[in-house]
Amino acid sequence: MTFPIIFAVVWALILAGGGGLLTTIGEWYRTLEKPSWQPPDWLFGPAWTIILALAAWAFVLSWNGAPEGDRPLLIGLYLANGLFHFLWSPLFFTAKRPDWALIEVPFLWLSVLALTIFLREWSVAASWMIVPYLVWVSFAAILNWKIVKLNGPFGRKAAA
């Protein structure tokens, strides 16, 4: 296997596995008021699997199209996105602070937008492969906002 394939697979597995481990659908989450248009819980796993697989494939395509001097930027974009992606679940589910997760969402969203924009220079197909990620994070941000609006304030109430 080549570096871009290994990097892409490890990146996707860390985000998918870590996100899954940090997402506890427990009693606290079940008691939150949620909008009627929220997808069923079972849909999130398959959606993230497809999105992260497409993003990993986009990395490989971009790596193959990028000049050697641009490859550190490509890696940096994916590492930054991975960090922001990884932060959301522990804020929302572990800390039980959807309000903090909502503050983090713009950083995640901007990191996905940056992928969409920068990858286009190296592979138009790769850039389009990131679009479902951008759409899903946009939808998740609206859902996160609605959950905060329906259930806030958080803090002492969430710890009980």
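Residues numbered from 1 in each chain as written. Predicted model: local features only at pLDDT ≥ 70, side-chain atom pairs only at ≥ 80, totals over all residues. Heavy atoms only, no water.

For the rest of this paragraph, the subject is the nonpolar core. Residues W11, Y78, L119, I130 and Y133 are the most contacted members of the largest nonpolar core, which totals 31 residues. When residues of this core are traced back to their parent elements, those giving at least two are α1 (3-21), α3 (41-65), α4 (71-94), α5 (98-122) and α6 (124-151). Tallying contributions element by element places α3 first for this core, with 9 residues. Among all residues touching Y78, those that are not within four sequence positions of it are F7, W11, A55, A58, F59, L115, L119 and I130. In terms of nonpolar packing, the next biggest core, distinct from the first, is built from 13 residues, W28, F92, L143 and I147 among them. (Core = buried A, V, L, I, M, F, W, Y, C linked by side-chain atoms within 4.5 Å. Buried < 20%, exposed > 50% of the residue type's maximum accessible area, 1.4 Å probe, protein only. Helix = DSSP H or I, 4+ residues; strand = E, 2+ residues; numbered from the N terminus. Contact = heavy atoms within 4.5 Å.)

The subject of this paragraph is the side chain of S62. Looking at where S62 falls in the secondary structure, it is placed in helix α3. Not counting chain neighbours up to four residues away, the residues in contact with S62 comprise L74, L119, W122, S123 and A126.

This part is about the packing of α1 against α4. The N-to-C vectors of α1 and α4 enclose an angle of 10 degrees; their axes lie 9 Å apart at closest approach. As the angle between them shows, α1 and α4 are arranged roughly parallel. For the pair formed by α1 and α4, the contact residues are F3, F7, W11, I14, L15, G18 and G19 on the first element and I75, Y78, L79, N81, G82, H85, F86 and S89 on the second. (Axes fitted to C-alpha atoms, helices over the stretch in contact; angles between N-to-C directions. Parallel < 35°, antiparallel > 145°, perpendicular 65-115°, else oblique.)

Bringing the packing of aromatic side chains into the picture now. As enumerated under the stated definition, the model contains 17 aromatic pairs in all. Their ring planes at 50 degrees and their centres at 5.0 Å tell us that F3 and W63 sit as a pair that is tilted. You can see F3 sitting in helix α1 and its partner W63 sitting in helix α3, a full 60 residues away along the chain. The class of W63 is buried, set by a relative accessible area of 14%. With 5.7 Å between their ring centres and 65 degrees between their planes, W37 and F139 make a pair best called edge-to-face. Of this pair, W37 sits in the loop between α2 (27-31) and α3 while F139 sits in helix α6, placing them 102 residues apart in sequence. An aromatic cluster is built from F3, F7, W11, F59, W63 and Y78, whose rings are joined through pairwise contacts. (Phe/Tyr/Trp six-rings, centres within 6.5 Å; stacked < 30°, edge-to-face > 60°.)

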